[in-house]
Structure formats: structure tokens, C-alpha cells
Amino acid sequence: MAKCLVTGGAGFIGSHLTERLLSQNHEVVVLDNLSTGRDSNLDAVRDHPNLTIRSGSITDSVLLGEAAHGAEVIYHLAAAVGVKLVAEDPLRTIETNIYPTDQLLRFAAQGNVRKFFLASTSEVYGKHPGDAWVEDDGLYFGPTSRPRWAYGCSKAIDEFLALAYHQKYGLGVTIGRFFNVVGPRQVGNYGMVVPRFVESALKGGPVTVYDDGSQVRCFGHVSEVVDCVYSLVENDASAGSVFNIGSNQAVSILELAQAVIDKIDPDIEIRFIPYNEAYGADFEDVQRRVPNTDRLYEFAGQRPAMTLDRILDDVIAWKKAELSL
Ligand code: UDP
């Protein structure tokens, strides 16, 4: 049993991780400002005797220090996330993603912290042209005049920082690069395609595909992703390394739209709109994003493998309940 801090613990992935940690008898402090997370995400565990919920921002350095006090394991998930949010407010992205990570790492290196999990993102690969991305591949960001890349760059700086703390102070840092994680509690407000498609379809459509829908992604179920995070942190050999965490089953966005429609109502229309209508001018998308998960499998003993079919059933069931349909 360990004392854990989960920043972003009321978020989509964070709340699932918090439940997982509590189920393993760990003590959990959640720090979340409910910017993209939701209070209701923790409803199932709110009264758990091992859970403390602190409401506030990781950019409040006093609060961050207090929340981290006594922690033995830190899961740092709080960040400005979502392509749409990032495109709209790159300054907030940079400030939220870099300075608090540095503070938390410094605290961890000086204190009692045994393990530090840094949530990173497949965005750090940028527009990598390869088929299946490997953790030691180079990074391919677009120009600084395009705000999207601020997100990947900010998380890449976090990774550099975390690895430097590992190297210099021996801090047990494990970095997980999340690839398109989906499942119950994910909301579509900040771009995420699966909840957007499901919600639009349940409301009668149309489903809106950006550009021509030939972009390729892999969708991993949050329950499997959280299991992988936990297993990595439990394995001391993962310290000092970066891991892709996601599914490697590739699907185009148009195929995804079709799969959602087939499940909900085959008569629903697909509407195509250009990127500039969706995200404003100067937006660049990533055409293909597929992880190589061999390292994850080696160190976690598992990798996300749930089929898209089952994932969509789960998301649809959750969304229906949420919309009271
Ligand atoms: N997308 C779409 N319609 C939407 C939202 C997203 O066609 O309503 C596309 C988006 O352009 C991208 C893919 O779906 O190519 C995945 O988008 P998301 O924001 O979920 O994640 P990303 O992989 O871009 O981080």
C-alpha cells in the first residue's frame, strides 16, 4: 500500500486510474481544478476512506506542494489537453504543462517519492512519417507559428525534464505516451473524436468528419490503458524509460464514423468539413498515428487489445445513460 498523488485525478483517464489505485488498497490524493475533468467522474469512489480530493490548479505552487506532501508515488496526469483547447489557448497549454511538472519533479527528487509516472502523449512524435512509431524515434514538429505543436513540444520538454531528474537524482521516473485513449467519461468538448461521433449519432446526426476522413488513429480502451500504467509503475525496471501506451489497431476516421453509424442508425449522414472550419486557420493534422507497443508489452506484460467494436459498444452504452436515452 502506498500514498499516491494523482494530479488530474478527476479527469477522464485520471478518474479511472484513481479507482484502480483505490481497488488495490492504495491511499490516493487527487488534485484537480475541474477544467477538463468533472467532479462527477469520481462519484463511484467519492466517499472511499482512502481518497482525499483537493480542488485547485497544479499552477498554484503552494497547493501543489501541499497535495504532494507525503506522497510516495506520483501520477502526474494534469495537463492542458485536447487539440481544440490547445489550438485555442497555446499560452495556457505551455504554462500548465511545463512549470508545474518541473515543480513536482523537484519536490519528488527531494522527498520521499519512490515512483513518478509522467503522462505524456503521442503528440510528441508530431507528424512522424513512419508506419508504427517507436519510443526512440525522432520528433517531427511543425512550425512554431502553428499552435497545435505547442502541446507536443510542451510535453516533450516535460519528458526531457523527467528523464533529467532520473539521470541526475535517480528519481524513479516512468513516462507513458498515451495514444488516443477512449472510453466512458470522455467528453467531446475539446475535440476527442469518439465521444463526438457517438453523441452526434445518438442525437440523430450528422456525424462531422474533418477533411476527407483518411486520417488514421488507434483507439485504446481506458480500462486497459490504466492497467498498463499501473503495471509499468509496479515494475521497477520501467524507471528511466518512455513507453507508448495505446492500441495498435489502425482505423481511418471515415471507417470510425461508419462504424459508429452502423451501430446507432445506418441512415445517419456523414458531413465532411475542412480543417479550417473545425479548428481555425493554420491548423495541421497528423495523418497517421500508430504506436509500436513492443516495449510496453515487455515491461507491463500486457497491451491494450480490446476491439474497436467492443470499445464503441461501451462508449455508446455510457453515452446513452448520460443522455438518459
Ligand atoms: N476528427 C473528426 N471529427 C471530429 C473530431 C475529430 O474528423 O468531430 C478527426 C481529427 O481531425 C483527427 C481525428 O479525428 O484526425 C482524431 O481527433 P482527436 O481530436 O480525437 O485526437 P487527435 O488524434 O487529433 O489527438
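Residues numbered from 1 in each chain as written. Predicted model: local features only at pLDDT ≥ 70, side-chain atom pairs only at ≥ 80, totals over all residues. Heavy atoms only, no water.

### Section: the packing of aromatic side chains
A complete count under the given rule lists 10 aromatic pairs for this structure. Both rings, one in Tyr125 and one in Trp133, keep their centres 5.0 Å apart while their planes meet at 50 degrees; by these two values the pair is tilted. For the pair formed by Tyr125 and Trp133, the shared burial category is buried. Between Tyr210 and Tyr279, the aromatic rings sit 5.2 Å apart at their centres with planes inclined by 80 degrees, giving edge-to-face as the arrangement. Taken together, the residues Tyr210 in strand 8 (residues 207-210) and Tyr279 in helix 10 (residues 275-279) connect sequence positions 69 residues apart. Among the aromatic side chains, those forming a connected cluster through ring pairs are Tyr210, Tyr275, Tyr279 and Phe283. Seen from the ring of Tyr297, Arg303 lies directly overhead, with NZ or CZ sitting 4.4 Å from the centre. (Phe/Tyr/Trp six-rings, centres within 6.5 Å; stacked < 30°, edge-to-face > 60°. Buried < 20%, exposed > 50% of the residue type's maximum accessible area, 1.4 Å probe, protein only. Helix = DSSP H or I, 4+ residues; strand = E, 2+ residues; numbered from the N terminus. Lys NZ or Arg CZ within 6 Å of the ring centre and 35° of its normal.)

### Focus on the environment of Ala164
Mapped onto the fold, Ala164 is located in helix 6 (residues 148-169). You can call Ala164 partly exposed: its relative accessible area is 36%. Between the C-alpha atoms of Ala164 and Gly240, which are 76 residues apart in sequence, the distance is 9.1 Å.

The quantities given are spatial measurements derived from coordinates; they are silent on function.
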